[in-house]
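# Results of the structural survey
Given next are the chains, with one letter for each unit.
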Amino acid sequence: MSRHGYLPHLVVAWLAAMLLGTAAHCQLPEPGKRAIAVSLIPEMSVVAPGETVALALMMRPAPGWHGYWKNPGDSGMETQIAWDLPAGLAAGPIRYPLPGRLIVAGLMNYVYERDYALLVDVKVPATLPAGTKLPIRARVDYLACTKELCVPETANVAVDLETGAATVAQTKRAMFDPFRQALPQPLGSEARFERIGSRFRMAIPVPADLTLREPYFYPLTDGVVPYAAPQIFSRAGDTLIVETEALSNGSGFGVVDGVLKLNEGTSVTLRATPGTVPAGGKPVKLAIQHSASGASAMLPALLGAVLGGLLLNIMPCVFPILSLKALSLAKASGDESAAKKEAIAYTAGAVLICLALGAALLALRAGGTAAGWAFQLQDPRIILLLLLLITAVALNLAGLFELPAVTLGGRLAERRGLAGAFWTGALAAFVATPCTGPFMGAALGAALVLPAPAALAIFAGLGLGLALPFLLLGFVPALRRRLPKAGAWMEQFRRLISVPMFLTALALAWILGRQAGVDGMALGLTAAMVLGLALWWVGRSQGRGAAWVPLAPAVLIALEVMLLLPVAAAGSAQAPLQGALKTEPFSEGRLAALQQEGRPVFAYFTADWCVTCKVNERGALQRQQVAKAFAARQVAVLVGDWTRGDPAIGRFLEKHGRSGVPLYLYYAPGKPAEILPQVLTPSRLVSMLS
């Protein structure tokens, strides 16, 4: 990589800092509280030596949260218990009650949405004398989720027992009886299964006179059937037959274990071995059908990501990059192979950066962080890195210095190397991250509830959309022929498009000031000025062996500025920008109070680094005609500022299927929220009131 120049090193260093040095600030749930409360309850506090005591691990999910069954389904995690027991005691396996089913984006989850108890039997040695103290301790690791995000949690539980004459208090027995009734009971007979083509069929011995209500088979053996696939039940005498799809890799199983729900409150555990399954008989009322598969659920999101990425090319910080790379193809009028290779390299750079950002976002969320798209821009240190990079690019375009490997024109545009095209695509993806334009909001929101492979496919679709114009230019000669012919004018054009890059740098400086205050903005501008002076010296000394020496102190100063940069606490409130509209800060409590008063409410969610948000604010929200219409109908306006990653706003965004801003909601009195488009016009805002 070093033979291609200095800028690729800057990009790699920026990516490493962004991925490794950034942590979103929105931890869920609130500090000191768990989404699922956990306690350990013994059925008896005095246990006879040689006997077994039942322990109930009580799990109490908060409203909107859920825990998982032994087999969590398409996503989730089985509960893990690490026991610390006195010598001689032995804990058995966890016994799970029958779970419920929850579909999220076409994915099946086996969950508990209400209080539930996991039972564990602990055997006490017969050799222990009476009166022996038995301190039982355990670490419980489990996953708590809503429909939008998951939080790995850990609870340390403890209970003290002792040996003696076993007695069970009536209160404890009354508590444990329903716990045991909720457990599936052994079937007592062996079931049989077979796979025919793409279908999985199983025969289960069930008395013909047993009433069945919405039966359902919960697989414990993974990889046999798709969990979200419909299940069809029929009866042939004393045999219940279940048929569903088979996974392509679901052959060769010696046994299939699972739990069969017969009706509400009745379920059995079963084990099926390979054998002949009779033809279906009388149909049983079908279990709940799920027509939306994971693949079909992600297709609209993937299309939205591609379209959203395509529209990012008109942003002022991306368009100059695309323009210069497009014009560089004009010099390759007859070199079809080179044009196609460059287009592929550019696309690879854009897609890989979007994948890296998506993977980092998914990793943060898997760790319990309510991060959203452009999460890295909630940290002023990342804004400073972006400011320095854009400043360097703008100065290069303006002709202050020349680098053969700077991919935005000049000599690289003449040489058109594959490495140059790759890093240009990577840079375009980097500088486009502040934006969430049309189509992107719902797409990225869907990505955060899909499994990792599907979510990464959506992030890759975003990169593909961003690279699509250059990809088409590389593969469609007719489009390249429409480009202006190369000539001396290209140098002047290059100087001209440095202007939007300088404006982007100024916007980043303003964002830095909003996040880190005036002192932070002054430090950032100082670092940018020092970098500019160093690059000016490099330009004057071009071609000399020590030309790059002045960059070393400039980099050191930038690193020192990052250490000195004030970093506001997560969720620090900022006063909303005042203009034609009278606004107040958003909170769910204030929203509820206004709705209780019967007032219409317009709530919008923004961030200083969100270009789309600022365009909507200046072009639509702050227009006098909108302000007059809102005032005439006494519309309350609430502003949610997500610049610094307010956790309350992050949770609210996720409730509405969004991973980032902007989000615009209108609450008419007595009606649910209306989600407005991500690009607003004054007429759209006025018309929604009628």
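This text goes with the structure placed above it.
Just so it is clear, the model here is predicted, and its values are computed rather than measured.

### Here's the deal with the pairing of strand S1 (residues 36-42)
- Burial analysis of S1 places five of its seven residues in the buried class, which makes it a mostly covered element.
- Strand direction decides the pairing type here: S1 and strand S3 (residues 52-61), joined by seven bridges, are antiparallel. Within the sheet, the bridge partner assigned to Ser39 lies in S3 and is Met58.

### Brief notes about the environment of Leu89
- Mapped onto the secondary structure, Leu89 falls in the loop between strand S5 (80-84) and strand S6 (90-91).
- Between the C-alpha atoms of Leu89 and Lys123, which are 34 residues apart in sequence, the distance is 5.7 Å.
- With residues up to four places along the chain from it excluded, the contact list for Leu89 reads Val122, Lys123, Val124, Pro125, Leu128, Leu134 and Ile136.

### Let's talk about unusual backbone geometry
- Not every positive phi belongs to a glycine, and Glu214 is a case in point at roughly 50°.
- Looking at the secondary structure, you find Glu214 in the loop between strand S14 (199-205) and strand S15 (216-219).
- Backbone geometry at Gln634 places phi at a positive 55°, although glycine is not the residue there.
- Turning to its location among the elements, Gln634 is positioned in the loop between helix H17 (624-632) and strand S23 (636-641).

### Side note on the sheet that holds S1
- Reading across from one edge, S1-S3-S9-S6 is the order of the four strands in this open sheet, with antiparallel pairing throughout. Every other strand in the sheet has two partners, leaving S1 and S6 as the edge strands with one partner each.
- In the sheet, S6 pairs with strand S9 (residues 116-123) via two bridges, with the strands oriented antiparallel. The residue of S9 that forms the bridge with Ala91 is Val122.

### Quick word on the pattern of salt bridges
- One pass over the structure, following the stated rule, counts 13 salt bridges.
- A salt bridge links Arg180 to Glu43; the nearest nitrogen and oxygen atoms lie 2.7 Å apart. Remark: Glu43 occurs in the loop between S1 and strand S2 (46-47) and Arg180 occurs in helix H2 (residues 170-181); sequence separation between them is 137 residues.
- Taking the shortest distance from any N to any O, the salt bridge between Arg271 and Asp257 comes out at 2.7 Å. Note that Arg271 is positioned in strand S19 (residues 266-274) and Asp257 in strand S18 (residues 256-263), a separation of 14 residues in sequence.
- By relative accessible area, which is 45% here, Arg271 ends up partly exposed.

### A look at the nonpolar core
- Leu57 and Met59 are the most contacted members of the largest nonpolar core, which totals 41 residues.
- Mapped by element, the contributors of at least two residues to this core are S1, S3, strand S8 (107-112), S9, strand S10 (133-145), strand S11 (150-163) and S15.
- Tallying contributions element by element places S10 first for this core, with six residues.
- The contacts of Met59, once residues within four sequence positions are left out, are Ile36, Ala37, Val38, Arg114, Asp115, Tyr116, Leu118 and Tyr142.
- Counting 31 residues, the second largest nonpolar core, distinct from the first, contains Leu387, Val538, Ala558 and Met562.

### Quick word on the environment of Leu134
- One can find Leu134 in strand S10.
- C-alpha of Leu134 to C-alpha of Asp160: the two residues are 26 residues apart in sequence and 5.7 Å apart in space.
- Other than its neighbours up to four places away in sequence, Leu134 contacts Val47, Pro86, Leu89, Val124, Leu128, Val159, Asp160, Leu161, Glu162 and Thr163.

### Notes on the sheet that holds strand S24 (residues 663-667)
- Reading across the sheet, the five strands line up as S21-S23-S22-S24-S25 and stay open at both edges, with mixed pairing between neighbours. The open sheet has two edge strands, strand S21 (583-585) and strand S25 (674-675), and neither has a second partner.
- Direction of pairing for strand S22 (residues 601-606) relative to S23: parallel, over a ladder of six bridges. By the bridge assignment, Tyr604 is partnered in S23 with Val639.
- Along the sheet face, helix H15 (residues 588-596) touches S21, S22, S23 and S24 and points at about 170° away from the line of S23.

### Brief notes about the environment of Val38
- Assignment of secondary structure puts Val38 in strand S1.
- On a C-alpha basis, the gap between Val38 and Val140 in space is 8.4 Å, while along the polypeptide they are 102 residues apart.
- Apart from the residues lying within four places of it in its own chain, the contact partners of Val38 are Leu57, Met58, Met59, Tyr142, Ala155 and Val157.

### Some remarks on helix H6 (residues 380-397)
- Taking 1.5 Å per residue, 18 residues should reach 26 Å; H6 reaches 25 Å between its end C-alpha atoms and fits that length.
- Counting buried residues in H6 gives 17 out of 18 residues, a clear majority hidden from the surface.
- Trailing H6 by a residue or two, Gly399 shows a phi angle of about 90°, which is positive.

Calculation rules
Residues numbered from 1 in each chain as written. Predicted model: local features only at pLDDT ≥ 70, side-chain atom pairs only at ≥ 80, totals over all residues. Heavy atoms only, no water. Buried < 20%, exposed > 50% of the residue type's maximum accessible area, 1.4 Å probe, protein only. Helix = DSSP H or I, 4+ residues; strand = E, 2+ residues; numbered from the N terminus. Pairing = 2+ DSSP bridges. Contact = heavy atoms within 4.5 Å. Salt bridge = Lys/Arg side-chain N within 4 Å of Asp/Glu carboxyl O. Core = buried A, V, L, I, M, F, W, Y, C linked by side-chain atoms within 4.5 Å. Axes fitted to C-alpha atoms, helices over the stretch in contact; angles between N-to-C directions. Expected span 1.5 Å × (residues − 1).

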